[in-house]
Amino acid sequence: MRFETIFLIGGASASAGALLVWLAIRARLGRVTQNLRMRDWALAHQAAEHADRQMLFQAAMEHGPQVVVRLDASGHPVYISPSCRPVFGYGPADMPKCFGADLMHFAADTCLRVRHRDGRTLAIHAQSHRLPDEQGVVLLLTDVTAHQNAEARLSDARVQLAQRAERDGLTGLANRDCFLAAVERALAGKEEVAVFLVDLDRFRQIHDRLGHDASDSVLREVAARLTLAMVGEPLVARLGDDDFAVLLRAADGDAPLAARARDLIRMLEPPVPTGTATAKIGASIGIAAGPRDGTHATALLRAADIAMTHARAAGGNTYRFFESHMAHAMERADELRRELPGAIAAGEIVPYFQPLVRIDDTSVVGFEVLARWEHPILGVLPPIDFLSLVEETGQSAAMFGSLLVCACQAARDWPAHIKLSVNISPIELQDETLPDTVRDILESTGFCGDRLEVEITENALIHDAKVARQVLDRLRQLGLSVALDDFGTGFSSLYHLRELPFDKVKIDKVFMRGLVSDPEASRYVAAIVDFGHALGLDLTAEGIEDTETMNRLRELGCTFGQGYLFGKPMPAEAARSMVTANRIAQMAAE
Ligand code: C2E
Ligand code: CA
Ligand code: CA
């Protein structure tokens with residue numbers, strides 16, 4: 001500012017040439033002035049910064065989270081920052097001797113445990129900086145205890161989470177994902193392994209009858225018994241619902257596996273107390289061995305699942321090894337399941353008719369309507385191939401409707417004394433709209449209601465007997481009669497026979513086997529016949545295959561019969577010819 005003013009005054013009296021010189025000098029002087037100003041500022045700044053740093057350093061040394069220690073060349077502490085008090089509970093002067101010895105270890109950039117004055121153990125992390133010219137070492141000590149604790153808690157939480165992702169919450173067994181991973185690892189390691197798929201035979205009923213809590217305690221008990229029975233095997237898991245699985249070593253072939261399966265079934269046999277009741281469980285076990293039956297976990301499990309459905313179909317409480325033909329049956333069932341809706345709509349599921357005869361003169365009194373699938377490629381399929389698929393896909397009502405329409409249309413013009421018997425599944429008997437469907441079909445086909453009989457199995461009555469009763473009552477109002485099918489094979493027969501409006505009992509075909517040769521079987525059937533008569537019911541014996549059995553039934557007083565002896569289930573046309581020719585009556589006469 002000062003120089004500028006002087007030259008401005010001088011410059012005012014100068015010539016034009018001098019003006020240029022002046023301008024040049026001014027520019028140069030301007031730069032010098034600026035440099036001088038910057039130096040002033042920098043000096044002032046440096047001083048302030050030094051003071052600041054001093055202050056900051058002081059604060060850090062006293063209150064900072066780090067403790068600064070200087071060790072001399074022989075490792076003795078020559079300076080300890082006052083911040084050691086908040087960290088260790090000791091000031092620089094009253095630091096115990098042992099602390100000095102500990103410090104030696106810190107020189108190696110490490111994490112050590114140090115005791116606080118109040119007794120706590122601290123985790124201290126140290127960073128060391130070696131000073132030049134053998135002047136010793138500066139250590140920066142940081143208390144990382146809280147950080148380490150948080151880390152430990154976090155990793156505990158991670159372990160728990162990981163465990164939860166692998167465990168079944170109810171039983172504590174491994175879950176499906178964990179099981180599949182273990183099987184996959186074993187197969188990848190070229191181990192010979194086997195998988196047991198264990199399905200509880202009566203779990204659904206237990207759940208429906210005893211409720212959620214009781215079924216949970218059954219599952220826990222099963223888990224415990226499984227674990228006990230399979231001690232020494234690699235893994236026991238619960239895959240979901242009542243499906244359990246075991247991974248086993250299988251280097252010694254199938255025989256030891258079969259023995260283990262038998263052991264397991266025996267272990268699961270004793271009833272489980274559930275607080276209010278005891279539950280009898282029983283198990284069906286499917287066995288698949290890898291790599292023979294599958295080289296991947298999912299394939300092996302599927303094979304075991306297929307084998308398990310065969311064990312279940314064999315009546316449960318047993319085991320089956322997977323066999324390749326089972327897979328074909330399964331694939332076929334999958335295909336049929338896909339085709340089913342189209343087949344019902346296209347009328348491929350048709351009624352076949354099996355004659356019901358009066359035993360004393362073998363005259364035809366009616367026909368049982370039995371479903372057949374006239375498959376365009378596979379030919380005529382029996383109900384066992386598709387009935388369960390119909391039920392499982394919720395198409396029972398649709399199939400029942402289309403069958404009844406066809407049957408009524410076919411039999412409408414047959415002699416009026418010829419009745420039709422149709423089977424009603426337990427599911428349909430729970431459908432309150434069933435009587436309306438039947439009424440509509442009777443109206444539309446012109447088939448008279450008193451020529452129609454429904455056959456229900458005892459098992460249909462254990463679901464909701466109240467709804468069943470209502471449905472049956474309304475069917476009877478339409479003129480229908482009701483037969484109790486497969487008598488002697490189900491539950492609580494006497495009770496239902498008294499409570500529900502039956503007109504007829506059909507004695508199951510299992511009692512026909514050996515009826516002639518086995519006095520025991522004979523006594524049994526005699527008792528059922530007497531009992532039916534006492535209740536004023538008609539009796540039909542199913543499964544009559546030979547004349548001797550028919551004659552024995554006649555002696556026992558059974559009125560009606562059905563079986564291959566009189567005719568197999570046949571298409572409508574064949575049934576019509578049979579009625580008109582009355583061929584069976586001729587057979588009896590021969
Ligand atoms: P079911 O009601 O007990 O029918 C009698 C079964 O015994 C029929 O089997 C019949 O063909 C067979 N049978 C008849 N006489 C003899 C004989 O002398 N010896 C032997 N060994 N068997 C004989 P099918 O037609 O295979 O039907 C099996 C079951 O499928 C039926 O047993 C019935 O429970 C069910 N079913 C059939 N059609 C229908 C239907 O339209 N609806 C429902 N819900 N179930 C049906
Ligand atoms: Ca039947
Ligand atoms: Ca039957």
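Residues numbered from 1 in each chain as written. Chains lettered and ligands numbered in written order. Predicted model: local features only at pLDDT ≥ 70, side-chain atom pairs only at ≥ 80, totals over all residues. Heavy atoms only, no water.

Colleague: Explanation requested: the coordination of the calcium ion (ligand 2) in the structure shown.
Modeller: Reference values for angles at a metal are 109.5 degrees in the four-donor tetrahedral case and 90 or 180 degrees in the six-donor octahedral case. Distances from the calcium ion (ligand 2) to its protein donors, E368 (OE), N423 (OD1), E455 (OE) and D485 (OD), fall at 2.1 to 2.3 Å. Spacing between the donor residues of the calcium ion (ligand 2) along the chain follows E-x54-N-x31-E-x29-D. The distance between the calcium ion (ligand 2) and the calcium ion (ligand 3) is 3.9 Å, with D485 acting as a donor to both metals. Residue E368 is found in strand β14 (residues 364-375), and its partner E455 is found in strand β17 (residues 452-457); the two are separated by 87 residues along the sequence. (Donors = N, O, S within 2.8 Å, 3.2 Å for Na, K, Ca; no water. Helix = DSSP H or I, 4+ residues; strand = E, 2+ residues; numbered from the N terminus.)

Colleague: Whenever I open this one, the coordination of the calcium ion (ligand 3) confuses me. Can you help?
Modeller: Around the calcium ion (ligand 3), the protein contributes the donor atoms D485 (OD), D486 (OD), E542 (OE) and E542 (OE), at 2.0 to 2.7 Å from the metal centre. Summarised as a motif, the one-chain spacing of the donors to the calcium ion (ligand 3) is D-D-x55-E. Judged by its relative accessible area of 5%, D485 falls in the buried class. (Buried < 20%, exposed > 50% of the residue type's maximum accessible area, 1.4 Å probe, protein only.)

Colleague: How should I be thinking about the site of ligand 1 in this particular structure?
Modeller: Taken together, 21 residues lie near ligand 1, and Q354, R372, K509, E545 and Y564 sit nearest. One nitrogen or oxygen atom from the side chain of E368 is found 3.1 Å from an oxygen atom belonging to ligand 1. In isolation ligand 1 offers 790 Å² of accessible surface; the protein chains occlude 81% of this area. Mapped by element, the contributors of at least two residues to the shell around ligand 1 are β14, α12 (383-392) and β18 (481-487). By residue number, the principal contributor to the shell around ligand 1 is β14, which donates four residues. (Near = heavy atom within 4 Å. Polar contact = N/O pair within 3.5 Å; in protein donor to acceptor, adjacent residues only side chain to side chain. Areas by Shrake-Rupley, 256 points an atom, 1.4 Å probe, with all protein chains shown as cover.)

Colleague: Explanation requested: the sheet that holds strand β7 (residues 235-240) in the structure shown.
Modeller: Strand pairs in the sheet, formed through backbone hydrogen bonds, run parallel or antiparallel to each other. A sheet is described by the order of its strands in space; here five strands give the open sequence β7-β8-β6-β11-β12, paired in mixed fashion. Looking at the sheet topology across the chains shown, the edges are occupied by β7 and β12 (319-321). Geometrically, the sheet is characterised by an average inter-axis angle of 20 degrees between neighbouring strands, direction not taken into account. By the bridge criterion, seven bridges tie strand β6 (residues 193-200) to strand β8 (residues 243-249) in an arrangement that is antiparallel. In the sheet register, V198 faces β8, and the bridge partner there is F244. (Pairing = 2+ DSSP bridges. Axes fitted to C-alpha atoms, helices over the stretch in contact; angles between N-to-C directions.)

Colleague: I tried to follow the packing of aromatic side chains on my own but got confused; where do I start?
Modeller: Within a pair of aromatic rings, the relevant descriptors are the distance that separates the centres and the angle that separates the planes. Summed over the entire model, instances satisfying the criterion amount to seven aromatic pairs. An angle of 85 degrees between the planes, with centres 6.2 Å apart, marks the rings of Y319 and F321 as edge-to-face. The same class applies to Y319 as to F321, namely buried. Ring plane angle 90 degrees and centroid distance 6.3 Å describe the contact between F353 and F367, whose orientation is recorded as edge-to-face. Of the two residues, F353 is situated in strand β13 (residues 349-358) and F367 in strand β14; the sequence distance between them amounts to 14 residues. Classification of F367 by relative accessible area gives buried; the value is 0%. Put simply, the rings of F353, F367 and W414 pair up and form one aromatic cluster. Of note, K504 hangs over the ring of F560, and the distance from its end group to the ring centre comes to 5.4 Å. (Phe/Tyr/Trp six-rings, centres within 6.5 Å; stacked < 30°, edge-to-face > 60°. Lys NZ or Arg CZ within 6 Å of the ring centre and 35° of its normal.)

Colleague: So what exactly am I meant to see when it comes to the packing of helix α6 (residues 176-188) against helix α10 (residues 297-313) here?
Modeller: Two measures define how a pair of helices packs: the angle their axes make with one another and the distance between the axes. Following both chains from N to C, one finds α6 and α10 inclined at 110 degrees, their axes separated by 8 Å at the closest point. Classed by the angle they form, the pair α6 and α10 counts as roughly perpendicular. In contact with R176, F179, L180, V183, E184 and L187 of α6, α10 contributes A297, T298, L300 and L301. Classifying every residue of the contact of α6 with α10 by side-chain character gives seven nonpolar, one polar and two charged. (Parallel < 35°, antiparallel > 145°, perpendicular 65-115°, else oblique. Contact = heavy atoms within 4.5 Å. Nonpolar A, V, L, I, M, F, W, Y, C, P; charged D, E, K, R; others polar.)

Colleague: In this structure, what is going on with the pattern of salt bridges? I would like to understand it.
Modeller: Any two side chains of opposite charge can pair, on the condition that their charged atoms come close. Throughout the structure, instances matching the rule amount to 26 salt bridges. Here R312 makes a salt bridge to D199, at a shortest N to O gap of 3.4 Å. Highlighted residues: R312 in helix α10 and D199 in strand β6, separated in sequence by 113 residues. The exposure class of R312 is partly exposed, given its relative accessible area of 41%. Overall, D199 belongs to the buried group, its relative accessible area being 6%. Residue E453 is joined to K504 by a salt bridge in which the shortest nitrogen-to-oxygen separation is 3.2 Å. With E453 in strand β17 and K504 in strand β19 (residues 504-507), the pair connects residues that are 51 residues apart, well separated along the chain. If you follow the salt bridges from partner to partner, you end up with R302, D334, R337 and E392 in one network. (Salt bridge = Lys/Arg side-chain N within 4 Å of Asp/Glu carboxyl O.)

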